[in-house]
Amino acid sequence: MDFKYDVIVIGAGHAGCEAAAAAANLGSKTCLITMDMNKIGQMSCNPAVGGIAKGQIVREIDALGGYMGVVTDRTAIQFRMLNRSKGPAMWSPRAQCDRGKFIWAWREILENIPNLHIWQDTVEELLVENGEVTGVSTCWGVTFQAKCVILTAGTFLNGLMHVGKKMLAGGRCAEPASYHLTESITRHGITADRMKTGTPVRIDARSVHFEHMETQDGENDFHRFSFISEPRKLKQLQCWTCFTNEESHKILRNGLVDSPLYNGQIQSIGPRYCPSIETKIVTFPDKSQHQLFLEPEGESTNELYLNGFSSSLPMDIQIAALKQIPAFKDLVIYRPGYAIEYDYFDPTQLKHTLETKAIHNLFLAGQVNGTTGYEEAGGQGIIAGINAHINCHGGEPFVLGRDEAYIGVLIDDLVTKGVDEPYRMFTSRAEYRILLRQDDADMRLTERAYKLGLVKQDRYDLLCSKREAVNGIIEFAKKFSIKAALINDALIQMGTAPLTHGCKLIDLIIRPQISIESIAEHIPSFKALLDKITDRKEEIIEAAEVLIKYQGYIDRERLIADKIHRLESIRIKGKFDYNSLNSLSTEARQKLIKIDPETLAQASRIPGISPSDINVLLVLLGR
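This structure is a prediction, so every number in the text was calculated from the model and none was measured. Counting restarts for each chain: residues are numbered from 1 in the order of the written sequence. Confidence filtering applies because this is a predicted model: local features only for residues at pLDDT of at least 70, side-chain atom pairs given and counted only at 80 or more, and all residues used for totals across whole chains, interfaces and linings. Side-chain metrics in this entry use all non-hydrogen atoms of the structure; hydrogen atoms and water are not considered.

Enquirer: Would you take a moment to explain the overall build of the chain for this structure?
Expert: Every helix listed is a DSSP run of H or I at least four residues long, and every strand listed is a run of E at least two residues long, numbered separately from the N terminus. Looking only at helices and strands, the chain features 21 helices and 22 strands. Here the C-alpha radius of gyration of the chain, 26 Å, is about what a compact globule of 623 residues would show, namely 25 Å. For the chain, the proportion of its 623 residues judged to be buried stands at 58%. For the radius of gyration, the atoms used are the C-alpha atoms, and the globule rule reads 2.2 Å times the number of residues raised to 0.38. Buried residues are those whose accessible area, probed at 1.4 Å on protein chains only, stays under 20% of the maximum for their type, while exposed residues exceed 50% and partly exposed ones sit between those limits.

See below:
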């Protein structure tokens, strides 16, 4: 071994796995360095992938040639499409996974990617010369040379765990923290700070009274995370729900004096949208109950994850409070919940490629950028891996726009706005939600990945055949004429108004009471067209139906996005000495100097930049 690589990835979590796979698949000689090869792709908190907006990110990773969707489908033990009662812009896939099988599915994939090596070790120092990365050194005394380094260390940088007053160094339960690496980066001018997250107790299923809980079943239809996966093969399991009560709240309140969150022991900021149970009872004192979700950790284990009960309270208080809930009156746990503090780096110090501005060829991805969630990490990882490869071998930077992907929204939010708490993606963060649906991630992104070389010919051919089939359905519906006398009885049966005169088929499909498949039963030629589709028929029909029913909304949102693109095309980086522009507000000058935006559109999204500030820049540009 010569320990010389194009790309080195530090950390084999969700960001690191996607980054290493992307760089290697594009042709870069890549090394993934991890403390423990048996924890590759470990789900540090809940054993689930996806959710609102997060599911869309996983579909986008898959469309770009990443693996999170494939691994999730391969190890899923329950699947649900959330928000089905709302419009398709809100539909979000979510799956429970077998935690152990998830790790080994990732490892099997990574070990069989050409150009990718795995090294078990701990990186202690980043090597930099003249403002540019040259490699890393490890605790085993190995020096790696590299053209690019991607840091995806998750919660391991100076990690400190809390259970009540008990504090223990570590990056995750029973795993050591990573020391010295933060300091070797900050000495080059990159600033770091601390954040906090947490996880709940793990419960022994044999101690649970399930008769006191409501069951929550999954769905077993055609929906999957990956556009290329086969149907789910593992046994599909149920989840359960119950509620806390006033008796458990009383015990939790009495224990707040020993809570690291409220006694000054933890100073850093935790995730607003995934609060601990103690934060819930303090923030919502009038609520007499909070919903809990009990989720299986695997296909054949008794270990259960208690979603909604994240806590860093002393272990005896956690147990006593849970025992007040009827389902847990005989509770036995595998381990208590805990909080963890860790280092992160201000993401406004990054370019949209996720390369740091201060150190050339150093990329940051995942929780080290102040985000939370496997999906957000994976999305950043694949973008960092792509751009590290480009830095090594040449090419245009690969950046996704806010109208192209939730990944684009995520990264733009991070580098433009920064974070003051762990960042979590929601559909509300995207101004073009109708364009960023989970059903069309492949239509949006796979061709771009194909041009990069990350998606191979067979995957691209699959996209083309799907697009052709979807367009064929839509074109048929636009051209096929319906006579009222021949269809009215069927329309009445479907609960929709009969026709007074003939119309095109598409005008019927637009109606909310009618689906493509239901109307096709009454139009033999249309049914024959659908029956010719043999591969992924349900997926194709759903895609066509969404486009037909929501085309007006899609067109309107695309028009708005195209207008914003005019500002995206106006580049301002390096064109102004902001300090000298007295016509800008003081806050605007300070923010523009700090962020140094690439385009006028990015400048407009910086908090503290007003429309009048943008107008000043437009005038100075002569626009």
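Enquirer: Before we go on, may I ask you to explain the environment of Thr186 in this structure?
Expert: Mapped onto the elements, Thr186 comes out in helix α5 (residues 181-186). Residues Thr186 and Tyr460 lie 274 residues apart in sequence; the distance between their C-alpha atoms is 42 Å.

Enquirer: Please clarify how helix α12 (residues 457-479) should be interpreted in this entry.
Expert: Taking 1.5 Å as the rise per residue, α12 with 23 residues should run 33 Å; its terminal C-alpha atoms sit 33 Å apart, in good agreement. Taken residue by residue, α12 has Arg459, Tyr460, Leu463, Lys466, Ala469, Val470, Ile473, Ile474 and Ala477 as its buried positions. A helix is expected to span 1.5 Å for every residue after the first.

Enquirer: Help me out: how do you make sense of the packing of aromatic side chains in this one?
Expert: The geometry of an aromatic ring pair is captured by the separation of the ring centres together with the interplanar angle, meaning the angle of the planes. Each Phe, Tyr or Trp ring (for Trp, its six-membered ring) is paired with any other whose centre lies within 6.5 Å, and the angle between the two planes then decides the class: stacked below 30 degrees, edge-to-face above 60, tilted in between. In this structure the tally under the stated criterion is 13 aromatic pairs. Seen in terms of ring centroids, Tyr67 and Trp106 are 6.1 Å apart; in terms of plane orientation they differ by 70°. Their pairing is edge-to-face. Of this pair, Tyr67 sits in the loop between α2 (54-63) and α3 (68-75) while Trp106 sits in helix α4 (residues 99-111), and the two are 39 residues apart along the sequence. As far as burial versus exposure is concerned, Tyr67 and Trp106 are alike and both buried. With a centroid separation of 6.0 Å and 70° between ring planes, the pair formed by Trp119 and Phe144 is classed as edge-to-face. On the criterion of sequence distance, the pair formed by Trp119 in strand β6 (residues 116-120) and Phe144 in strand β9 (residues 143-151) is long-range, its members being 25 residues apart. The class for Trp119 is partly exposed, based on a relative accessible area of 21%. For Phe144, a relative accessible area of 0% translates into the label buried. Through pairs of rings, three or more aromatic residues link up here, namely Phe3, Tyr5, Trp119 and Phe144.

Enquirer: What should I look at first to understand unusual backbone geometry in this one?
Expert: It is generally the case that most residues other than glycine have a negative phi and that most peptide bonds are trans. The phi dihedral of Asn361 falls on the positive side, at around 75°, and the residue is not glycine. Along the polypeptide, Asn361 turns up in the loop between β19 (338-345) and β20 (362-364). Phi is positive for Asp596, close to 50°, though the residue is something other than glycine. Within the fold, Asp596 resides in the loop between α19 (586-595) and α20 (600-604).

Enquirer: In this structure, what is going on with empty space enclosed by the protein? I would like to understand it.
Expert: Any empty space left between atoms is shown by rolling a water-sized probe over those atoms. Put plainly, a pocket is an open set of points on a 1 Å grid over the protein atoms alone with protein on both sides within 12 Å along at least five of seven lines, a cavity is a set where a 1.4 Å probe fits but cannot get out, and a lining residue has an atom within 4 Å of a point. Grid points are joined across faces, edges and corners, and a volume is the space filled by probe spheres set on the points. Following the criterion strictly, the structure yields 2 cavities of 30 Å³ or more and no others. The computed volume of the largest cavity comes to approximately 40 Å³. Lining of the largest cavity is provided by His352, Ile383, Val399, Leu400, Ile407, Gly408, Ile411 and Asp412. Here the element with the most residues in the lining of the largest cavity is helix α10 (residues 406-417); it accounts for 4 residues.

Enquirer: Any chance you could explain the pattern of salt bridges here in plain terms?
Expert: A side chain of one charge can pair with a side chain of the opposite charge if their charged atoms are brought near each other. For this document, the term salt bridge refers to a Lys or Arg side-chain nitrogen within 4 Å of an Asp or Glu carboxyl oxygen. Under the counting rule described, the total for this entry stands at 43 salt bridges. Ionic pairing is found between Lys54 and Glu376, a salt bridge with its closest N-O pair at 2.9 Å. Of this pair, Lys54 sits in helix α2 while Glu376 sits in helix α9 (residues 374-393), placing them 322 residues apart in sequence. The same class applies to Lys54 and to Glu376, which are both buried. Glu246 is the salt-bridge partner of Arg253, the closest N and O atoms lying 3.8 Å from each other. Shared partners join several salt bridges into a network, and the residues in it are Arg402, Asp412, Asp413, Lys417, Glu431, Glu568 and Arg605.

Enquirer: I'm lost on the sheet that holds strand β17 (residues 303-307) in this one. Help?
Expert: Strand-to-strand pairing in sheets goes through backbone hydrogen bonds, with the strands running parallel or antiparallel. Pairing is antiparallel in the open sheet, where 6 strands are placed in the order β14-β15-β16-β17-β13-β18. Here the strands that pair on one side only, and so sit at the sheet edges, are β14 (214-216) and β18 (333-335). Neighbour to neighbour, the strand axes of the sheet diverge by 35° on average, direction disregarded. Inspection of the sheet shows strand β16 (residues 291-296) paired to β17 by 4 bridges, in the antiparallel sense. Each bridged residue has a counterpart across the sheet, and for Leu294 the counterpart in β17 is Leu306. Here a strand pair is declared whenever DSSP counts at least two bridges between the two strands. Simply put, an axis is a line fit to the C-alpha atoms, just over the touching stretch for a helix, and the angle between two N-to-C directions goes from 0 to 180 degrees.

Enquirer: I would appreciate a short explanation of a negative patch on the surface in the present structure.
Expert: The patches described consist of residues with a relative accessible area above 30% and no salt bridge, like charges being joined within 9 Å and nonpolar side chains (Val, Leu, Ile, Met, Phe, Trp, Tyr) within 5 Å. For the area figures, the Shrake-Rupley method with a 1.4 Å probe applies, and any residue is considered shielded solely by the protein chains shown. The charged-residue count follows a simple rule in which Lys and Arg add positive charge and Asp and Glu add negative charge, with His and chain termini not counted at all. Positions of charges follow a simple convention, taking NZ of Lys, CZ of Arg, CG of Asp or CD of Glu. On the surface, Asp221, Glu517, Glu521 and Glu538 cluster together into a patch of negative charge. Inspection of the secondary structure puts Glu538 in helix α17 (residues 537-549). The partly exposed category is assigned to Glu538, whose relative accessible area is 41%.

Enquirer: What is the right way to look at the pairing of strand β5 (residues 92-97) in this model?
Expert: Remember that side chains alternate between the two faces of the sheet whenever the strand is regular. Across the 6 residues that make up β5, a large majority, 6, are buried. Of the two faces of β5, the one lined by Ser92, Arg94 and Gln96 and the one lined by Pro93, Ala95 and Cys97 are each fully buried. Of the pairings in the sheet, the one linking strand β3 (residues 48-50) to β5 comprises 3 bridges and is antiparallel in character. Within β5, the position partnered with Val49 by the bridge is Ala95. Across 6 bridges, strand β4 (residues 76-82) lies against β5 in antiparallel orientation. Residue pairing across strands places Gln78 opposite Gln96, the latter belonging to β5.

Enquirer: For this particular structure, what's the right way to read the layout of surface pockets?
Expert: If you add up the space inside the second largest pocket, you get close to 640 Å³. Those elements that provide at least two residues to the lining of the second largest pocket are α9, α10 and α18 (551-568). Ranked by the residues each element gives to the lining of the second largest pocket, the list is headed by α18, at 4 residues. Considered class by class, the residues forming the lining of the second largest pocket number 7 nonpolar, 9 polar and 12 charged. Only Asp, Glu, Lys and Arg are considered charged, only Ala, Val, Leu, Ile, Met, Phe, Trp, Tyr, Cys and Pro nonpolar, and every remaining residue, Gly among them, polar.

Enquirer: What is the right way to read the sheet that holds β3 from this model?
Expert: The strand order across the open sheet formed by 3 strands is β3-β5-β4, and the pairing between neighbours is antiparallel. The sheet terminates laterally at β3 and β4, the two strands that pair on one side only. Neighbour-to-neighbour, the strand axes of this sheet turn through a mean angle of 15°, independent of strand direction. Strands β3, β4 and β5 of the sheet are contacted by α3, whose axis makes an angle of about 115° with β4. In what follows, residue pairs with any heavy atoms lying within 4.5 Å of each other are defined as contacts.

Enquirer: So what exactly am I meant to see when it comes to the environment of Arg566 here?
Expert: In this fold, Arg566 is placed in helix α18. Taking C-alpha positions, Arg566 is 8.2 Å from Ala601, a pair spaced 35 residues apart along the chain.

Enquirer: When you look at the packing of helix α1 (residues 14-25) against α9 in this model, what are you seeing that I'm missing?
Expert: For any two helices packed against each other, one specifies the crossing angle of their axes together with the interaxial distance. Contact pair α1 / α9: the axes reach a minimum separation of 7 Å and the direction vectors enclose 30°. Classified by the angle their axes make, α1 and α9 are roughly parallel. In this structure, the crossing between α1 and α9 has a hand that is right-handed. Together, His14, Ala15, Glu18, Ala19, Ala22 and Ala23 of α1 and Tyr374, Ala377, Gly378, Gly381, Ile382, Gly385, Ile386 and His389 of α9 make up the contact between the two elements. Across the contact of α1 with α9, the residue classes tally to 8 nonpolar, 5 polar and 1 charged. Note on terminology: angles under 35 degrees are roughly parallel, angles over 145 are roughly antiparallel, angles of 65 to 115 are roughly perpendicular, and the others are oblique. Here a crossing is called left-handed whenever its near helix is offset anticlockwise from the far helix by less than a right angle, and right-handed whenever the offset is clockwise.

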